[in-house]
Amino acid sequence: MAHPTPPKTIHPLDLADIDDLLSDEEKAIRDTVRRVCDEHVDPYVAEWFEKGELPVVRELAQTLGGVGLLGMHLEGYGCAGMSAVDYGLACLELEASDSGIRSLVSVQGSLAMFAIWRWGSEEQKQEWLPRMAAGEAIGCFGLTEPDHGSDPSSMRTRARRDGDDWVLDGRKMWITNGSIADVAVVWAQTDEGEGGSGIRGFVVPTDTPGFSAPIIHHKASLRASVTSELVLDGVRLPADAVFPEVRGLKGPLSCLNEARYGILWGAMGAARSAFSTALRYSTERVQFGDPIARFQLTQNKLATMSIDLTLGTMLALHLGRRKDSVGLRPEQVSIGKLNNVNKALEICRTARTILGGNGISHEFPIMRHAANLESVLTYEATPEMHTLMIGNALTGIPAYR
């Protein structure tokens, strides 16, 4: 029987024609995010990274909120109600500009907003979500502590009852958006259970007495992002500040799965940026009388990067379609996060070698992406934890306990 002739058009950044699997609406959303990044992020992000600051973070949040990117996969309360694939494509484009910008959106929407949307009272949702969706209020998510990252059940932050009030004491560490946030979702131990079962979530306005958020300086990664410590010294909250139903690690882990899903898409954005830079450079850089793209070893590097980018993007799209249809299990998210961040790092490192010494210059984005991905590799669970989550799913044995 006759077979259709495949199209002859070659898209160097999409040799497998993954674009053909996207709807017109999905492409339009992706293109909108790219235009926003082209105008509001890309001309400035290298300087932000070099200076270690994000000076226009509130203006940028309102710009991103204005096109519906904050909490875009949530329903109601001013949120756009878009699909998981829509959200993933947005994360890819944001991280193609910078991981710090994707982190701003991810923490706002998948951690702080999702926590309130999924676990908050109706009053908490009405008070915070519309403003957060518009970028008029910024949120942060307080789970990780200075001495407790991979083992949140051992957190030391405590919430105790004092009459009808709650009083919070403790420290949180490596908190994106912390010092600029208007509201913090803080997880704390209570006396209501043992072994982590008494952990509860609190909605903490950051102007509450006893709350402070010192900025963390001297970062070598995610420099175009606001990272802070949260300090809670006798923070007194009314009874209705606590999430009413959820207890234990179910609450924070559900939020982390949302954030990890965005990461597995975003990592492919950083990878695409590094690959496209190396591909273009290889055709322009002349050595020994020829562009270096003429050499077999360079073509081997380009082909390997292209395959890894293709497979990672296909995995992200598969997981996104599954999330939209039947949902994702935690180990499926771990497969995506572990594979795609590792492959993105490999692509950045290989791309850097094609640029030689120029690869370390901030005139090109590769080293910035590589540095950022070192943080992405270990936040929202380290590669070791994701490996053991997958191992647990395969064997039924929780080796991390």
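Note: the structure precedes this text.
Here's a quick rundown of the structure. All values reported here derive from a predicted model rather than from experimental measurement.

With that out of the way, let us pick up the pairing of strand β2 (residues 158-162). Note: β2 against strand β3 (residues 165-176), five bridges, orientation antiparallel. In the sheet register, Arg161 faces β3, and the bridge partner there is Trp166. Connecting β2 to the next strand, β3, in antiparallel fashion are two residues, including Gly163 with a positive phi near 70 degrees.

A separate point is the environment of Gly120. In this fold, Gly120 is placed in the loop between α5 (99-119) and α6 (122-133). What makes Gly120 buried here is its relative accessible area of 11%. Distance from Gly120 to His40, taken between C-alpha atoms, is 33 Å for residues 80 residues apart in sequence. Excluding residues within four positions of it along the chain, Gly120 makes contact with Ala115, Lys125, Phe243 and Pro244.

Before going further, it helps to examine the packing of helix α3 (residues 57-66) against α5. When two helices pack together, their arrangement is given by the angle between the helix axes and by the axis-to-axis distance. Between α3 and α5, whose axes approach to 11 Å, the crossing angle comes to 65 degrees. Relative to α5, the element α3 is oriented roughly perpendicular. You can see that α3 and α5 cross each other, and the crossing is right-handed. On the side of α3, the interface is formed by Val57, Leu60 and Leu64, while α5 contributes Ile101, Leu104 and Val105. Residue classes in the contact of α3 with α5 are distributed as six nonpolar, no polar and no charged.

Turning to the sheet that holds strand β1 (residues 139-142), a few remarks are in order. Overall, mixed pairing links the three strands, which are arranged β1-β4-β5 in an open sheet. Each of the sheet's edge strands pairs with one partner strand only, and the pair in question is β1 and β5 (200-205). Along the sheet, successive strands turn relative to each other by an average axial angle of 20 degrees, direction set aside. Pairing between strand β4 (residues 183-188) and β5: six bridges, direction antiparallel. By the bridge assignment for β5, Val186 is matched with Phe202. Across the sheet, α6 lies against β1, β4 and β5, angled at about 60 degrees from β5, the strand it touches most.

Along the chain, the position of Arg102 falls in helix α5. At 2.8 Å, the side chain of Arg102 forms a polar contact with the side chain of Tyr379. In this view, Arg102 contacts Cys91, Leu94, Glu95, Gly262, Ile263, Gly266, Val376 and Tyr379; residues no more than four positions away in its chain are not counted.

So, about the pattern of salt bridges. In this structure the tally under the stated criterion is 22 salt bridges. A salt bridge links Arg34 to Asp42, with the shortest nitrogen-to-oxygen separation between them at 3.1 Å. Of the residues examined, Asp42 reaches a relative accessible area of 33% and is grouped as partly exposed. The structure contains a network of salt bridges with shared partners spanning Arg34, Asp38, Asp42, Glu93 and Arg272.

Moving on, we come to the sheet that holds β2. Judged by pairing direction, the sheet is antiparallel, and its four strands sit side by side in the order β2-β3-β7-β6 without closing on themselves. Each end of this open sheet is capped by a strand with a single partner; those strands are β2 and β6 (211-212). Summarising the sheet, β6 and strand β7 (residues 227-237) pair through two bridges and their orientation is antiparallel. When the bridges of β7 are listed, Ser212 appears paired with Val231.

Below, the discussion takes up unusual backbone geometry. Residue Asp17 is not a glycine yet carries a positive backbone phi of 55 degrees. Residue position: Asp17 is located in the segment before α1 (24-40). In this structure, Leu222 takes a positive phi of about 50 degrees despite not being glycine. Among the secondary structure elements, Leu222 is positioned in the loop between β6 and β7.

In this section: a negative patch on the surface. Together, Glu122, Glu123, Glu127 and Asp240 line one region of the surface with negative charge. By secondary structure assignment, the location of Glu122 is in helix α6. Here Glu122 falls in the partly exposed class, since its relative accessible area comes to 38%.

A few words on the packing of α1 against helix α4 (residues 84-97). Closest axis-to-axis distance for the α1/α4 pair is 9 Å, and the angle between their directions is 25 degrees. If you check the angle between α1 and α4, you find them roughly parallel. The hand of the α1/α4 crossing is right-handed. For the pair α1 and α4, the contacting residues are Glu26, Ile29, Arg30, Val33, Arg34 and Cys37 in the first and Val85, Asp86, Leu89, Ala90, Glu93, Leu94, Ala96 and Ser97 in the second. Tallied by class, residues from the contact of α1 with α4 come to eight nonpolar, one polar and five charged.

Attention now moves to the packing of aromatic side chains. Scanning all chains against the criterion turns up seven aromatic pairs. Measuring from ring centre to ring centre gives 5.9 Å for Phe114 and Trp117, while their planes differ by 35 degrees; the resulting arrangement is tilted. Of this pair, Phe114 and Trp117 both sit in helix α5, separated by three residues, roughly a single helical turn. Exposure remark for Phe114: the relative accessible area of 8% places this residue in the buried category. Overall, the relative accessible area of 25% leaves Trp117 in the partly exposed class. Through a chain of ring-to-ring contacts, three or more aromatic side chains come together here, namely Phe141, Trp187 and Phe243. One cation-aromatic arrangement involves Arg223 over Phe49; the distance from NZ or CZ to the ring centre is 6.0 Å. Looking at Lys323, its charged tip hangs above the ring of Tyr261, at a distance of 5.4 Å from the centre.

Cut-off values and rules
- Residues numbered from 1 in each chain as written.
- Predicted model: local features only at pLDDT ≥ 70, side-chain atom pairs only at ≥ 80, totals over all residues.
- Heavy atoms only, no water.
- Pairing = 2+ DSSP bridges.
- Helix = DSSP H or I, 4+ residues; strand = E, 2+ residues; numbered from the N terminus.
- Buried < 20%, exposed > 50% of the residue type's maximum accessible area, 1.4 Å probe, protein only.
- Contact = heavy atoms within 4.5 Å.
- Axes fitted to C-alpha atoms, helices over the stretch in contact; angles between N-to-C directions.
- Parallel < 35°, antiparallel > 145°, perpendicular 65-115°, else oblique.
- Left-handed = near helix turned anticlockwise from the far one by under 90°.
- Nonpolar A, V, L, I, M, F, W, Y, C, P; charged D, E, K, R; others polar.
- Polar contact = N/O pair within 3.5 Å; in protein donor to acceptor, adjacent residues only side chain to side chain.
- Salt bridge = Lys/Arg side-chain N within 4 Å of Asp/Glu carboxyl O.
- Patch = residues over 30% accessible without salt bridge, like charges linked within 9 Å, V, L, I, M, F, W, Y side chains within 5 Å.
- Areas by Shrake-Rupley, 256 points an atom, 1.4 Å probe, with all protein chains shown as cover.
- Lys, Arg positive; Asp, Glu negative; His and termini not counted.
- Charge placed at Lys NZ, Arg CZ, Asp CG, Glu CD.
- Phe/Tyr/Trp six-rings, centres within 6.5 Å; stacked < 30°, edge-to-face > 60°.
- Lys NZ or Arg CZ within 6 Å of the ring centre and 35° of its normal.

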